[in-house]
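Fold and geometry: a report
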Amino acid sequence: MDQPIISLEDVHKWFGAFHALKGVNLQVSRGERLVICGPSGSGKSTLIRCINRLEEHEQGRVIVDGVELTSDLKRIEAVRREVGMVFQQFNLFPHLTVLENLTLGPRWVLRRSAGEAEETAMHYLKRVRIPEQAHKYPGQLSGGQQQRVAIARSLCMAPKIMLFDEPTSALDPEMVGEVLEVMIELANDTGMTMLCVTHEMGFARQVADRVLFMDAGQILEQNGPAEFFSNPRHERTRAFLERIL
Amino acid sequence: MPRSTLTEAGSAPEAVWLRLKKRLFSSPLNTLLTVLIAWLLLMVVPPTVEWLLLDADFRSSSAQGCADSSGACWAFIAEKHRLILFGLYPYDEQWRPLLASCILLGLIVLSAVRRFWRPSLALGWLVGLLLVGVLMWGGAFGLSHVENTRWGGLPLTLILATFGIAFAFPLGVLLALGRRSRMPLIKAVCVLYIELIRGVPLISLLFMSSVMLPLFLPEGFSIDKLLRAQIAIILFAAAYIAETVRGGLQSIPRGQYEGADSLGLSYWQQMRKIVLPQALAVVIGPLVSIFISLFKDTSLVVVIGIFDLTQSAKAALADPQWQGFGAEAYLFIGLIYFFFCFSISRYSLAVEKRLQGAHGSTHYLS
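One numbering rule holds for all chains: residues counted from 1, following each sequence as written. The naming scheme follows written order: chains are lettered A onward, ligands numbered 1 onward. This being a predicted model, a pLDDT of at least 70 is required before a residue's local features are given, and a value of 80 or more before pairs of side-chain atoms are given or counted; all residues contribute to the totals for chains, interfaces and linings. Excluded from the side-chain calculations are hydrogens and water; all other atoms, namely the structure's heavy atoms, are used.

1. Looking at the overall build of chain B
Strands here are runs of E lasting at least two residues and helices are runs of H or I lasting at least four, both read from the DSSP assignment and numbered beginning at the N terminus. Within chain B, the secondary structure is distributed over 16 helices and zero strands. As a reference, a globule follows 2.2 Å times the number of residues to the power 0.38, and the radius of gyration itself is taken over C-alpha atoms. Taken over C-alpha atoms, the radius of gyration comes to 26 Å for chain B, far larger than the 21 Å a tight globule of 366 residues would show. Looking at chain B as a whole, 40% of its 366 residues qualify as buried. At a minimum sequence separation of 6, the contacts of chain B that also span at least 24 residues come to 68%. Residues scored as positive are Lys and Arg, those scored as negative are Asp and Glu, and His as well as the terminal groups of each chain are ignored. All charge positions are set by atom: Lys at NZ, Arg at CZ, Asp at CG, Glu at CD. Of the charged side chains in chain B, 29 are positive and 21 negative; the average position of the first set lies 14 Å away from that of the second. Buried residues are those whose accessible area, probed at 1.4 Å on protein chains only, stays under 20% of the maximum for their type, while exposed residues exceed 50% and partly exposed ones sit between those limits. Any two residues having at least one pair of non-hydrogen atoms within 4.5 Å are treated as being in contact.

Set out below in structure tokens:
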């Protein structure tokens, strides 16, 4: 079998005295789709943020597509070029138009020409079904539209891995659907590796190859979605699922 | 049409009177204030207008003629305006500083218009500054050489202010970034610099630059006095700009950095494309305040014997033939300062409005 595209070995992370990750081990193979769930404060966001080094792990090893993350800036930038991320709060750049948000990375990081970058941007805006908003500013869009722009912005970098950090938690309920729809399409149409922190269990059932349950900084349980939902092995997983389903 | 009937009703005399009554005499307190203010205006305005215009002397050719009128002696300004505007610059050559000032102002006005923000503008500045230099110094193209100790008045003020802002601004931005740096040494140097400079008045910096700096320089090595004053002004303003910009930087949410990080933008790309455009937009108001005070603070160079606008006005007052026209002279240069500062202020308002209009939502500007 292929070498895993993401490999975490005994990863620890502290925030002051708080032990956020307690020796996490995780292997993700190419094209695999993971959904990570768990109570708040369990370390799920921290875990995926360690993969593009928005958080620095303090012990253990994080290897992404053959590059081990260290404090070396070159490696960090190399990994970040391969890894796209979608945030809970979108983190679009409010002073740039939607199109400029999308072309920024390709132009300055990948050194594409303006024309090429715009073509790619329009392609992905069509995929997330808002090409008509290209010349608006993020502040003029609804939350659901902004999150779709954020997804398109990541896709423009042609990443091998996409990280989603609670992409629908900040949205009004009626907008959750449109974002999930885009994500499901993305999962079905591309062979992209996806890691998604979410409580949308419908989404997990539909697209996940594997569902992880985290609690208190550890991966407590992981399984295929059918098995995970119908037959949770751990007491705390069961309690958690009962609460959110 | 309802609108026109409304305005017609609004402009009818009785309606006007009603509105006035409502605004000015709606309560005993308001009535009292209205009467008081009306009385004050009556006391102040007519004499001022009389002094400024009606009784003023515009034409006399000597102080004697002026003394006969009870109003302002604008003839004094007419007589001395070249000394005030150009200081001790040789009288017959004063078209040179005039032209230099016009070039400088022209460049500043061009730079304020977004439409002209392209590479050729930088070329324009280069050529313009070269021209200004040649005009002021001379010594080439048949122009006689003029020592910069003889420069003075408005061109000097403009030069000090323009270069002051042009260099202090980038320096201030770098210092602000440095103060937030994760590298302890850079951070320490920036903090030390900002706190030191902010801890002393500009006057003492100017004195230091003129008296102490030469002591530290190796023998036989000297920097021109004007340049030293210019450097002192730049260093001073940069510290304040740095603190203001830091305020703007702090208003940028962490998510902006993370968004930029996740795209793989380098530190300088993030600063240039994401962070500074937003941070500077937030602090345009206070930044412009600093620019305005810098413009006025250039007048402090008098303490080290440089002949700026204020000092040349004083020189004009020293003429024994024309004694006692201080009010006119200071009003005149006051108006010049006001013209420039007010223009800067209006321009910044326009920029702020444009930025707010452009982004649809202004949540990050507020």
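2. Here's the deal with the confidence of the model for chain B
Residues and elements named next belong to chain B. For every residue, the predictor reports its confidence as pLDDT, a number between 0 and 100. Chain-level pLDDT for chain B is 84 on average; 93% of the residues reach the 70-or-more range. By mean pLDDT, helix 1 (residues 2–11) is the weakest element of chain B at 50, and helix 12 (residues 254–263) is the strongest at 94. Scored below 50 in pLDDT, residues 1–8 makes zero contacts in the model with residues more than four places away or belonging to other chains. In the predicted structure, residues 361–366 sits below a pLDDT of 50 and forms twelve contacts with residues beyond four places in sequence or in another chain. Prediction confidence for the complex, expressed as pTM and ipTM, is 0.83 and 0.92 respectively.

3. Describing the packing of aromatic side chains
Residue and element names in this part refer to chain B. Only rings of Phe, Tyr and Trp enter the pairing, Trp through its six-membered ring, and a pair is recorded when the two centres are within 6.5 Å. The plane angle decides the type: under 30 degrees is stacked, over 60 is edge-to-face, the rest tilted. In this structure the tally under the stated criterion is eleven aromatic pairs over all chains. Judged by centre distance (4.9 Å) and plane angle (65°), the ring pair of W137 and W151 falls under edge-to-face. Of this pair, W137 sits in helix 7 (residues 119–137) while W151 sits in the loop between helix 7 and helix 8 (153–179), and the two are 14 residues apart along the sequence. The exposure class of W137 is partly exposed, given its relative accessible area of 40%. Geometrically, the ring pair formed by F169 and F291 is edge-to-face, given 6.1 Å between the ring centres and 80° between the ring planes. Taken as a pair, F169 in helix 8 and F291 in helix 14 (residues 284–297) lie far apart in primary sequence, 122 residues in all. These aromatic residues form a ring-pair network of at least three members: F295, Y337, F339 and F340.

4. Here we look at the sheet that holds strand 1 (residues 6–15) of chain A
All names here are of chain A. Taking strand neighbours across the sheet as the criterion, the four strands line up as 2-1-4-5 in an open arrangement whose pairing is antiparallel. Across the chains shown, the open sheet's two edge strands, defined by having one partner strand only, are strand 2 (18–28) and strand 5 (67–68). Any two strands between which DSSP finds at least two bridges are classified as paired. Pairing of strand 1 with strand 2, which is carried by eight bridges, proceeds in the antiparallel orientation. Paired with S7 across the bridge in strand 2 is Q27. For helices, the fitted axis covers only the stretch in contact; all axes are lines through C-alpha atoms, and the angles between them, taken along N-to-C directions, range from 0 to 180 degrees. Sheet strands touched by helix 1 (residues 44–51): strand 1, strand 2 and strand 4 (59–64). Its angle to strand 2, the strand with the most contacts, is close to 60°.

5. So, the sheet that holds strand 7 (residues 161–165) of chain A
Remark on secondary structure: sheet strands pair via backbone hydrogen bonds, oriented parallel or antiparallel. Residues and elements named next belong to chain A. Strand order across the open sheet formed by six strands is 6-7-8-3-9-10, with mixed pairing between neighbours. This sheet does not close on itself; its edge strands, each paired only once, are strand 6 (83–86) and strand 10 (218–223). Shown here is a sheet whose adjacent strand axes are inclined to one another by a mean of 20°, direction ignored. Bridge count between strand 9 (residues 210–215) and strand 10: five bridges; the pairing is antiparallel. Bridge assignment links F213 to a residue of strand 10, and that residue is E221. Contacting strand 3 (33–37), strand 6, strand 7, strand 8 (193–197) and strand 9, helix 1 runs over the sheet at an angle of about 150° to strand 7. Against the sheet, helix 5 (residues 143–155) engages strand 6 and strand 7, with an angle of about 175° to strand 6.

6. Some words on the interface of chain B and chain A
Of the residues lining the interface, 24 residues belong to chain B; the matching set on chain A comes to 25 residues. Taken over both partners, the interface formed by chain B and chain A buries close to 2100 Å², and the fraction arising from carbon and sulfur atoms is 61%. A per-residue breakdown of the area chain B buries against chain A is headed by B:S262, B:L263 and B:K273, which together make up 28% of the total. Should a side-chain nitrogen of Lys or Arg be within 4 Å of a carboxyl oxygen of Asp or Glu, the pair is scored as a salt bridge. Run the count over chain B and chain A and you get two salt bridges. Salt-bridge contacts for B:D261 lead to A:R80; the nearest nitrogen and oxygen are separated by 3.3 Å. In protein, a polar contact means a hydrogen-donor-capable atom and an acceptor-capable atom, both N or O and within 3.5 Å, with residues adjacent in sequence counting only if both atoms are side-chain atoms; elsewhere, any N or O pair within 3.5 Å suffices. The interface formed by chain B and chain A holds seven residue pairs in polar contact (both at pLDDT 80 or more) in total. Counting residues per element, the ones that place at least two in the side of chain B that touches chain A are helix 12 and helix 13 (267–282) of chain B. The biggest single contributor to the side of chain B that touches chain A is helix 12 of chain B, with nine residues. Partitioning the side of chain B that touches chain A into residue classes produces seven nonpolar, twelve polar and five charged. Reported buried area values correspond to the accessible surface (1.4 Å probe) lost by two parts on association, with both partners' losses combined. Note that Gly is not counted as nonpolar here; it falls among the polar residues with everything else outside the nonpolar set of Ala, Val, Leu, Ile, Met, Phe, Trp, Tyr, Cys and Pro and the charged set of Asp, Glu, Lys and Arg.

7. Focus: the pairing of strand 3 of chain A
Residue and element names in this part refer to chain A. Most of strand 3 is tucked away: five of the five residues are buried. By the alternation rule, side chains of strand 3 split into R33, V35 and C37 and L34 and I36, which are all buried. Two elements, strand 3 and strand 9, share four bridges in a ladder whose sense is parallel. Counted as the bridge partner of L34 is R210 from strand 9.

8. Overview of the environment of B:S62
Turning to its location among the elements, B:S62 is positioned in the loop between helix 3 (28–54) and helix 4 (63–68). For B:S62 and B:A75, which are 13 residues apart along the polypeptide, the C-alpha to C-alpha distance reads 7.9 Å.

9. Considerations on unusual backbone geometry
All names here are of chain A. A positive phi angle, near 45°, is found at D10, a position not held by glycine. The exposure class assigned to D10 is partly exposed, which follows from its relative accessible area of 36%. In this structure, R111 is a non-glycine residue whose phi angle is positive, near 60°.

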